[in-house]
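Survey of secondary and tertiary structure
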Amino acid sequence: MKTCLVVDDSRVIRKVARRILENLQFEVAEANDGAEALKSCKEKMPAAILLDWNMPVMDGITFLRALRKEDGGKAPIVVFCTTENDLAHITEALTEGASEYIMKPFDGEILEAKFSEVGLL
Amino acid sequence: MTPEDIEHLAATLKARSGLILGSDKTYLIESRLSPVARREGFANVSALLSALRTKRDEKLMASVTDAMTTNETFFFRDKAPFDQFKSDILPALAKARLSGDLKVWCAACSTGQEPYSLAMLMDEAKPQFPRINLDILATDISDRCLEKAQAGLYTQFEVQRGLPITMMVKHFEKVDEMWRISPKLRSSIRFKKLNLLEDLRSVGRQDVIYCRNVLIYFDIETKKRVLEQMATLLADDGCLFLGAAETVLGITDAFKPMPGMRGLYIKNAASAQTGARRTA
Ligand SMILES: C[S@@+](CC[C@H](N)C(=O)[O-])C[C@H]1O[C@@H](n2cnc3c(N)ncnc32)[C@H](O)[C@@H]1O
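Calculation rules
Residues numbered from 1 in each chain as written. Chains lettered and ligands numbered in written order. Predicted model: local features only at pLDDT ≥ 70, side-chain atom pairs only at ≥ 80, totals over all residues. Heavy atoms only, no water. UniProt positions renumbered as here; feature names shortened; annotations may be inferred. Helix = DSSP H or I, 4+ residues; strand = E, 2+ residues; numbered from the N terminus. Rg over C-alpha atoms; globule rule 2.2 N^0.38 Å. Contact = heavy atoms within 4.5 Å. Areas by Shrake-Rupley, 256 points an atom, 1.4 Å probe, with all protein chains shown as cover. Lys, Arg positive; Asp, Glu negative; His and termini not counted. Charge placed at Lys NZ, Arg CZ, Asp CG, Glu CD. Phe/Tyr/Trp six-rings, centres within 6.5 Å; stacked < 30°, edge-to-face > 60°. Buried < 20%, exposed > 50% of the residue type's maximum accessible area, 1.4 Å probe, protein only. Near = heavy atom within 4 Å. Polar contact = N/O pair within 3.5 Å; in protein donor to acceptor, adjacent residues only side chain to side chain. Nonpolar A, V, L, I, M, F, W, Y, C, P; charged D, E, K, R; others polar. Salt bridge = Lys/Arg side-chain N within 4 Å of Asp/Glu carboxyl O.

Where an unreviewed UniProt entry is consulted, chain B appears under the name protein-glutamate O-methyltransferase, with the organism given as Asticcacaulis benevestitus DSM 16100 = ATCC BAA-896. Taken verbatim from the UniProt record of chain B, the Catalytic activity (unreviewed entry) comment is "L-glutamyl-[protein] + S-adenosyl-L-methionine = [protein]-L-glutamate 5-O-methyl ester + S-adenosyl-L-homocysteine".

The name that an unreviewed UniProt entry assigns to chain A is Chemotaxis protein CheY, with the source organism given as Asticcacaulis benevestitus DSM 16100 = ATCC BAA-896.

Have a look at this one:
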């Protein structure tokens, strides 16, 4: 089973994402912000990361830059999932090594399509 | 809604768009026609239907027909018909034609996602085939759909269905809360209103036809008539894409399936030297 780390400061979003991802046969881990996510990755690199942008303590893009410097940190496939929906944010995310980008609100169909687009399914 | 109203509606739809309503579609009629009834100032759908029966109002019949079409579509729908185009069909036809126009016809383009997907693919493949120009004709019976297709303006939900983010970044710009496809791609497609029940000769010769997810709504005679007209328009080495739930088998022998490529058909009488076949 592949693991996916869901990084979002909203418990509701994490719960929704978890339900969709578990249906897609992922083992799901959760983090409330970028710092927690980094800690979780240091313990165990997930195959995929679903990543919010705006979060307390450490935001998504800062986390992504830090992750890519970690040992094995280039491996996880990162899919942003955020309300930031302008080209500047999307381009920055892709430049920093995100593979796909979901603009909230999202549903199971979009998440599944994006994950299959990047070869996770 | 009286049975007579529904029967009359069914006959109108079949004659105008080929749509077979099927039995027990009260819910579908209600949900699709309520907005029309409201817009046209009728108290409810029943009132609209009886007016349709007694008045023979051309404009009203056209809006009802339009509203009853199913327009569901998305970018790169089913993937395979686009992957096959890029990996097999385009190289084969480019080799056979050497240069000039390759004509592609999206015969029920709905709100434009299918032709725009092809235009984006061609934009990517262009450096490999610098002498080939993809001439895309996109037609539909629905004015409402064509208007939207031509505007190339999509909701956030629509640009997230099937469209890889890199393609969105490359070809779309954000306009308020909507996303608009680039003028370059918009101008690379000719949008035109066309009813598949009509004489299709005005479409002219085509190399590739996408006729996906529209024949399912027709009866077998209509399917046969449309397919056989398409066969006469299609170049001998051309090919036809149907939707995942559609086939030519049992309908006409003008086409036959391409072995190993689901949804792809070639002309039955085509010579052994066809571009599409060479890739098999
Ligand atoms: C489900 S959509 C298919 C869109 C696209 N080809 C796809 O596969 O995603 C079907 C389209 O067929 C159009 N249509 C229905 N009857 C038609 C007719 N008689 N002539 C032309 N188009 C028709 C409808 O307006 C609708 O946009």
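A separate point is the overall build of chain A. Check the secondary structure of chain A and you find five helices and five strands. Its helices and strands taken in sequence order, chain A reads β-α-β-α-β-α-β-α-β-α from the N to the C terminus. At 13 Å, chain A has a C-alpha radius of gyration in line with the 14 Å of a compact globule built from 121 residues. The principal-axis extents of the C-alpha atoms in chain A amount to approximately 35 × 30 × 25 Å. Partitioning the contacts of chain A with sequence separation of at least 6, the portion at a separation of at least 24 is 60%. Total accessible area on chain A stands at roughly 5,600 Å², and carbon and sulfur atoms take up 50% of it. Measuring between centres, the 15 positive side-chain charges of chain A sit 4 Å from its 21 negative side-chain charges.

Moving on, we come to the packing of aromatic side chains. The full count for this structure, using the stated rule, is 12 aromatic pairs over all chains. Relative to A:Tyr101, the ring of A:Phe80 has its centre 5.8 Å away and its plane inclined at 25°; by these criteria the two rings are stacked. One end of the pair, A:Phe80, is in strand E4 (residues 77–82); the other, A:Tyr101, is in strand E5 (residues 100–103), and 21 residues separate them in sequence. The buried category is assigned to A:Phe80, whose relative accessible area is 0%. In this structure A:Tyr101 comes out as buried when scored by relative accessible area, which is 0%. Members of the aromatic cluster, each reached through a chain of ring pairs, are B:Phe75, B:Tyr116, B:Tyr154, B:Phe172 and B:Phe191.

A separate point is the site of the ligand. All names here are of chain B. Close contacts around the ligand come from 20 residues, with Thr73, Arg77, Ala108, Asp140 and Asn213 the closest. Glu114 is positioned such that a nitrogen or oxygen atom in its side chain is 3.1 Å from a nitrogen atom of the ligand. For the ligand, a nitrogen atom lies 3.0 Å from a polar atom in the backbone of Arg212. Look at the ligand: alone it shows 610 Å² of surface, and the protein chains cover 98% of it. Among the residues making up the shell around the ligand, the classes are represented as six nonpolar, nine polar and five charged.

Okay, the pattern of salt bridges next. Counted by the stated rule, this structure contains 31 salt bridges over all chains. With its nearest N and O atoms 2.8 Å apart, the salt bridge here joins A:Glu30 to A:Arg18. One end of the pair, A:Glu30, is in strand E2 (residues 26–31); the other, A:Arg18, is in helix H1 (residues 11–23), and 12 residues separate them in sequence. Judged by relative accessible area, which is 26%, A:Arg18 ranks as partly exposed. The shortest N-O distance in the salt bridge between B:Lys174 and B:Glu177 comes to 3.9 Å. Classification of B:Lys174 by relative accessible area gives partly exposed; the value is 27%. Taking the relative accessible area as the measure of exposure, B:Glu177 reaches 52% and is therefore exposed. It is possible to trace a salt-bridge network through shared partners that takes in A:Arg14, A:Arg18, A:Glu22 and A:Glu30.

Here we take up helix H4 (residues 58–68) of chain B. Burial analysis of H4(B) places eight of its 11 residues in the buried class, the great majority of the element. For H4(B), every residue scored as buried is listed here: B:Leu60, B:Met61, B:Ser63, B:Val64, B:Thr65, B:Asp66, B:Ala67 and B:Met68.

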